[in-house]
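Chain by chain, the residues run as shown.
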Amino acid sequence: IKKGKKYYFYDNGIRNVLISNFSPIEIRTDLGALWENYMLAERLKHNAYTKNYCNTYFWRTEDQAEIEYLEEYDGKLHAYELKWKPQHVRFPASFIKSYPEHTTDIIHKENYTSFLGYP
């Protein structure tokens with residue numbers, strides 16, 4: 001699906017400049033988008049630094065079911081949802097059926113360190 005592109009920035013500061021929002025994190029209405037952008041940028045940096053070469057994707061169906069971030073390595077897809085708060089996320093049934101050899105994980109503020117390769 002080509003419409004509905006998503007854009008990410010390596011630096012959330014640039015994103016903030018473009019949308020003219022410098023409010024403190026406590027009152028931001030876009031905290032989820034900031035977190036998603038930060039996690040994705042840091043994961044891509046981590047993969048580059050550690051030479052973890054993989055294909056990366058954003059997945060969305062015509063019905064707007066989506067997965068925020070996928071990595072493909074070792075012949076498998078690894079799907080990630082990037083959420084600020086720990087919460088239950090149901091991965092789309094169409095994805096699970098289409099890619100039976102996959103893994104899924106929810107990355108949030110309480111477990112993100114291993115996702116970014118921190119000890």
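A look at the overall build of the chain
For the chain, the helix and strand inventory stands at four helices and four strands. Counting helices and strands in the order they occur from the N terminus, the chain gives α-α-β-β-β-α-β-α. For a compact globule of 119 residues, the expected C-alpha radius of gyration is about 14 Å, and the chain comes in at 15 Å, within 12% of that figure. Here the C-alpha coordinates of the chain stretch approximately 45 × 35 × 30 Å along the principal axes. A total of 119 residues make up the chain; the buried ones form 34% of that total.

Some remarks on the sheet that holds strand β4 (residues 102-107)
Taking strand neighbours across the sheet as the criterion, the four strands line up as β1-β2-β3-β4 in an open arrangement whose pairing is mixed. Strands at the two margins of the open sheet, each flanked by one partner only, are β1 (55-60) and β4. Looking at each pair of strands side by side, their axes are set apart by 25° on average, direction ignored. Two strands pair when backbone bridges link them, and β1 and strand β2 (residues 66-73) are joined in this way by five bridges, in the antiparallel orientation. Residue pairing in the sheet places T56 in a bridge with E71 of β2. Sheet contacts for helix α2 (residues 31-49): β1, β2, β3 (76-82) and β4; angle to β2, the most-contacted strand, approximately 5°.

Basis of the calculations
Residues numbered from 1 in each chain as written. Predicted model: local features only at pLDDT ≥ 70, side-chain atom pairs only at ≥ 80, totals over all residues. Heavy atoms only, no water. Helix = DSSP H or I, 4+ residues; strand = E, 2+ residues; numbered from the N terminus. Rg over C-alpha atoms; globule rule 2.2 N^0.38 Å. Buried < 20%, exposed > 50% of the residue type's maximum accessible area, 1.4 Å probe, protein only. Pairing = 2+ DSSP bridges. Axes fitted to C-alpha atoms, helices over the stretch in contact; angles between N-to-C directions. Contact = heavy atoms within 4.5 Å.

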